[in-house]
Amino acid sequence: MGATKVKRMPRAVREQQMMDAAVQTFGQRGYQAASMDEIAELAGVSKPLVYLYLNSKEELFTACIRREAKALLGAVAAAADARLPAEEQLWAGLLAFFTHTAEHPDGWAVLSRQARTHGEPFASEAAQMRDEIVAYVGTLIGAAAKATHRETQRDPELAERDVAGLSQALIGAAESLASWANETPGMTAWESAATMMNFAWAGLGNLMKSERWSPR
């Protein structure tokens, strides 16, 4: 009988296997502490093969940031139905955001902590993802303000600067809450999204009715 041929794993599958191992290692140990030996062992391949496919530790880390950012943005975009009112779109987007970060804690750690604390080019990669989410939220806030104006005929007074600032504040709070939720036993994605929605929408609702808080 002839020797049994071992079917070779497709390159794309092998690369994803190595990327999965890299995200887990970088997310749990950090960029500096993570070693290519550890990543190779976790992926079940040799270290030379990791270098052959992904060239260097820096390029591997950059590839991990890009993959995790794309997955998170894709999850949020897929959840928001443009036919829904802005309020429901925001809820769907927040729920998708917290669900994804909860289900991929290592990927979120790479994006929220590791990429931002190790300088360039990593910080720019994470900033690009954040800018896209901020722009998406800004679009929803602006749409909600316009809808309120049509319904009430009252000027919501949400200038471009207001929308930009509110979007930055909302995403900053969501990022912080996601990291805290991943370290808090029993905290669900639904609870996180509801907390964020209640925090954000109550304030936005007052602004859209021209009811602004100001110090006495």
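Residues numbered from 1 in each chain as written. Predicted model: local features only at pLDDT ≥ 70, side-chain atom pairs only at ≥ 80, totals over all residues. Heavy atoms only, no water.

### Comments concerning the confidence of the model for the chain
Spelled out, the test is: Confidence scores labelled pLDDT are given residue by residue by the predictor and lie between 0 and 100. To qualify as a helix, a DSSP run of H or I must reach at least 4 residues; to qualify as a strand, a run of E must reach at least 2; elements of each kind are numbered from the N terminus. By the convention used here, residues are in contact when the closest approach between their heavy atoms is within 4.5 Å.
For the chain, per-residue confidence averages 84 on the pLDDT scale, and residues scoring 70 or more make up 83% of the total. Taken element by element, the predicted model of the chain shows its lowest mean pLDDT in helix H7 (residues 122–152) (79) and its highest in helix H6 (residues 105–114) (94). This model gives residues 1–6 a pLDDT under 50, and the stretch forms zero contacts once residues within four places in sequence are excluded.

### Describing the pattern of salt bridges
This is how it is decided: When a carboxyl oxygen of Asp or Glu is within 4 Å of a side-chain nitrogen of Lys or Arg, the pair counts as a salt bridge. The buried label goes to any residue with under 20% of its type's maximum accessible area, the exposed label to any with over 50%, and the partly exposed label to all in between, with areas taken from a 1.4 Å probe on protein chains only.
Summed over all chains, the structure comprises nine salt bridges. Measuring nitrogen to oxygen at the nearest pair gives 3.4 Å for the salt bridge that ties Asp37 to Lys47. One end of the pair, Asp37, is in helix H2 (residues 36–43); the other, Lys47, is in helix H3 (residues 47–54), and ten residues separate them in sequence. Exposure remark for Asp37: the relative accessible area of 46% places this residue in the partly exposed category. The residue Arg116 makes a salt bridge to Glu175 at a minimum N-O spacing of 2.8 Å. One end of the pair, Arg116, is in the loop between H6 and H7; the other, Glu175, is in helix H8 (residues 160–182), and 59 residues separate them in sequence. When salt bridges that share partners are traced, they join Asp20, Arg67 and Glu68 into one network.

### What about unusual backbone geometry?
Located in the positive-phi region is Asn55, a residue other than glycine, with phi close to 70 degrees. Along the polypeptide, Asn55 turns up in the loop between H3 and helix H4 (57–79). On the accessibility criterion, Asn55 (46% relative accessible area) is partly exposed.

### Focus on the nonpolar core
Worth spelling out the cut-off: Within this scheme, the nonpolar core is defined by two criteria: the residues are buried Ala, Val, Leu, Ile, Met, Phe, Trp, Tyr or Cys, and they are joined through side-chain atoms within 4.5 Å.
Core analysis: the largest hydrophobic core is formed by 54 residues, its most contacted members being Phe26, Leu60, Leu72, Phe97 and Phe98. Broken down by element, the residue count for this core peaks at nine residues, all from H7. Not counting the four nearest positions on each side in its chain, Leu60 is found in contact with Met19, Ala22, Phe26, Met36, Ile39, Val50 and Leu54.

### Quick notes on the side chain of Gln89
Rules: Contacts described as polar in this section are N or O atom pairs within 3.5 Å, which, within protein, must combine one atom able to donate a hydrogen with one able to accept it, while residues neighboring in sequence count only if both atoms come from side chains.
For Gln89, the position within the fold is in helix H5 (residues 86–103). Residue classification places Gln89 among the buried positions, given a relative accessible area of 11%. In terms of polar contacts, Gln89 uses its side chain to reach the backbone carbonyl oxygen of Leu84, at 2.8 Å. Setting aside residues up to four positions removed in sequence, Gln89 forms contacts with Ala80, Asp81, Ala82, Leu84, Tyr136 and Leu140.

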